[in-house]
Amino acid sequence: MNKLVHIYTNKLFYSNTTCRLVTHIEDCGEPVDLFFEVEIKYAPYLVTENADAIIYLLLMYAIRKGISIKSEVPVTSSFMYNIKEVLIPSLLLGDNSLHNICIDAPLVSINFNAKGVGTGVSCGVDSFYTIMTHTGDEYTDMKLSHLFISSCSIDLWKSGCKNIEEFKRHYSVLFNRYYGVSKDLNLPLVVGYSNYMEYIFNPKRIKIPVTAHHYNTMANVLSLRKLWKTYYFSSAEPFTSFNLIDNSKTDTSKHELLSMHILAIPGFNCYSTGCTVSREEKTIRIADYPIAQKYLHPCFRVGFVNNCSNPTCSKCLRALLTLDLHNKLLSFKDVFDIDKYSKNRIKFFIRAFNLKDNEYISNLYVGLKSKYPKLMEQAEHWAIIESERKLFWRKYRMNILAKHPLPNGLVFGKNSGFIHYRIFLLGIKPQINFRLTYSESDDTVTLGLHCDDEDLSLFCVNVFNAVQKVISPNTNTEDHVRLDVQLSSSNYVNEFWDYILKVQNIIKELYNINELKFMSKQGDKIYEMIN
């Protein structure tokens with residue numbers, strides 16, 4: 001295989017409402033068109049004169065795989081110097097798995113004399129801290145003039161949309177939030193849509209996005225470099241966390257102090273903001289900021305108006321515990337479910353105890369233990385009990401597994417006080433699944449037929465009625481959403497398959513379905529079952 005990425009052209013393509021910058025490359029012989037699209041009014045700011053954006057996008061992929069880069073499109077000379085003479089050698093010092101690659105391109109030096117000052121508007125804690133600290137009047141020439149959002153955000157890249165308008169419709173809930181911030185601050189929102197993230201965060205290139213997200217984000221920014229004289233990159237880490245060791249496996253925020261230095265090129269400055277304060281301090285600083293109180297959304301749950309406010313969401317966990325510690329919960333009652341938090345407060349404290357050694361939680365844990373000693377004592381007590389319970393059930397499952405080997409493809413249920421396995425019949429709507437439950441007390445196996453549709457369509461009623469008539473007159477009908485039948489624990493594997501195949505045939509006959517597969521599901525992965 002020819003280990004070379006060849007950059008050929010940068011071209012603009014216009015529609016009535018948008019403009020798309022398309023960079024044609026060959027990745028180890030495979031032709032790829034990388035694109036970055038904006039609304040038509042921002043077309044004059046797209047950069048065709050250099051390949052800086054694509055070089056920066058490709059860089060982590062290239063040095064990790066040992067792939068050379070050749071470009072027919074020029075690269076800014078100081079940018080090339082910074083990459084070849086500073087960035088790559090420094091990264092190699094901390095990670096011996098990386099390669100010192102060849103980058104070949106004609107060099108140019110162009111100052112676009114841009115005027116804009118921008119930052120991303122993800123609506124997280126880091127984002128609002130940057131916005132809040134750069135909309136004042138102290139440094140007028142450093143004051144924000146634009147907000148920026150693009151598909152480089154982890155919340156926005158899995159859309160599969162054809163263009164920017166479809167992209168905005170697909171994520172309408174999120175864009176309502178972004179445009180709300182834009183309107184309230186009276187700052188224009190620049191929207192970019194690209195396939196950069198889809199291309200680079202591919203299993204054959206880079207598997208873990210956080211290990212290269214800075215480079216992807218700044219590739220989007222550099223594509224619009226004619227707009228920006230200054231860009232603020234909201235840092236998630238203080239500079240005290242700077243570390244080059246095993247940098248191919250860690251979050252790029254760990255070496256942001258270095259990567260930001262590389263972006264010092266003619267007419268353009270990029271600053272890492274928020275790097276002088278902790279996440280806890282940022283949260284408190286924005287707690288009295290009306291825009292943040294109205295729009296803050298750090299939550300991992302995408303596509304919803306408000307944050308999930310669950311202790312299992314690490315972003316909501318950190319934010320709510322910080323606000324609780326500093327008596328600021330009610331300031332964010334419009335974006336967090338404070339009643340839900342209050343009802344589940346002990347669960348948040350249990351999580352804080354379990355994560356007390358985590359770099360983002362450790363200081364919070366110390367503060368909460370000092371302020372709420374009795375509540376934290378209870379949390380520690382229940383955390384220990386829960387840990388022992390999980391250990392018990394893990395051993396219990398292993399004992400049962402040794403006693404009753406699983407049919408091919410079946411998986412354990414999670415965090416349950418009994419053993420259950422699930423299989424899904426695919427190709428039908430609503431979805432029907434089988435649940436196999438083992439009871440140690442009487443050594444019995446129960447096989448249940450379930451419907452995941454709470455409204456229970458006519459389809460399910462017909463299937464369940466047919467199953468009840470054909471399978472067994474002793475079938476226990478709890479309701480029309482679940483049918484249970486007892487199996488012999490000594491021969492449950494054969495009876496299990498016989499039961500499933502009978503249900504398959506019933507469905508095929510009822511609805512004239514010729515092809516019907518049954519699958520095992522574990523997390524987001526679905527496996528075809530083989531008898």
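Everything here concerns the structure above.
All values derive from a computational prediction rather than experimental measurement.

Caption draft 1: Representation of the pattern of salt bridges in the model. Following the criterion strictly, the structure yields 17 salt bridges and no others. Through salt bridges that share partners, E39, E165 and K168 make up one connected network.

Caption draft 2: Looking closely at the sheet that holds strand β4 (residues 68-71). In space, the 10 strands of this open sheet follow the order β6-β4-β1-β2-β3-β10-β9-β8-β11-β12, with mixed pairing throughout. Since the sheet does not close on itself, it has two edges, and those belong to β6 (103-104) and β12 (269-273), each with one partner. In terms of strand pairing, strand β3 (residues 30-39) meets strand β10 (residues 189-194) through 3 bridges, oriented antiparallel. The partner of E37 across the bridge, within β10, is Y193.

Caption draft 3: Inspection of a nonpolar patch on the surface at higher detail. On the surface, F239, F242 and L257 cluster together into a nonpolar patch covering about 240 Å² of accessible area. Structurally, the position occupied by F239 is in the loop between β11 (228-234) and α8 (256-262).

Caption draft 4: Spotlight on unusual backbone geometry. One non-glycine residue, S309, adopts positive backbone phi at about 60 degrees. Overall, S309 belongs to the buried group, its relative accessible area being 1%.

Caption draft 5: Representation of the environment of H326 within the structure. Residue placement: H326 occurs in the loop between α11 (314-325) and α12 (338-343). Of the residues examined, H326 reaches a relative accessible area of 31% and is grouped as partly exposed. Ignoring any residue separated from it by four or fewer positions in sequence, one finds H326 in contact with E280, I284 and K371.

Rules used in this analysis
Residues numbered from 1 in each chain as written. Predicted model: local features only at pLDDT ≥ 70, side-chain atom pairs only at ≥ 80, totals over all residues. Heavy atoms only, no water. Salt bridge = Lys/Arg side-chain N within 4 Å of Asp/Glu carboxyl O. Pairing = 2+ DSSP bridges. Helix = DSSP H or I, 4+ residues; strand = E, 2+ residues; numbered from the N terminus. Patch = residues over 30% accessible without salt bridge, like charges linked within 9 Å, V, L, I, M, F, W, Y side chains within 5 Å. Areas by Shrake-Rupley, 256 points an atom, 1.4 Å probe, with all protein chains shown as cover. Buried < 20%, exposed > 50% of the residue type's maximum accessible area, 1.4 Å probe, protein only. Contact = heavy atoms within 4.5 Å.

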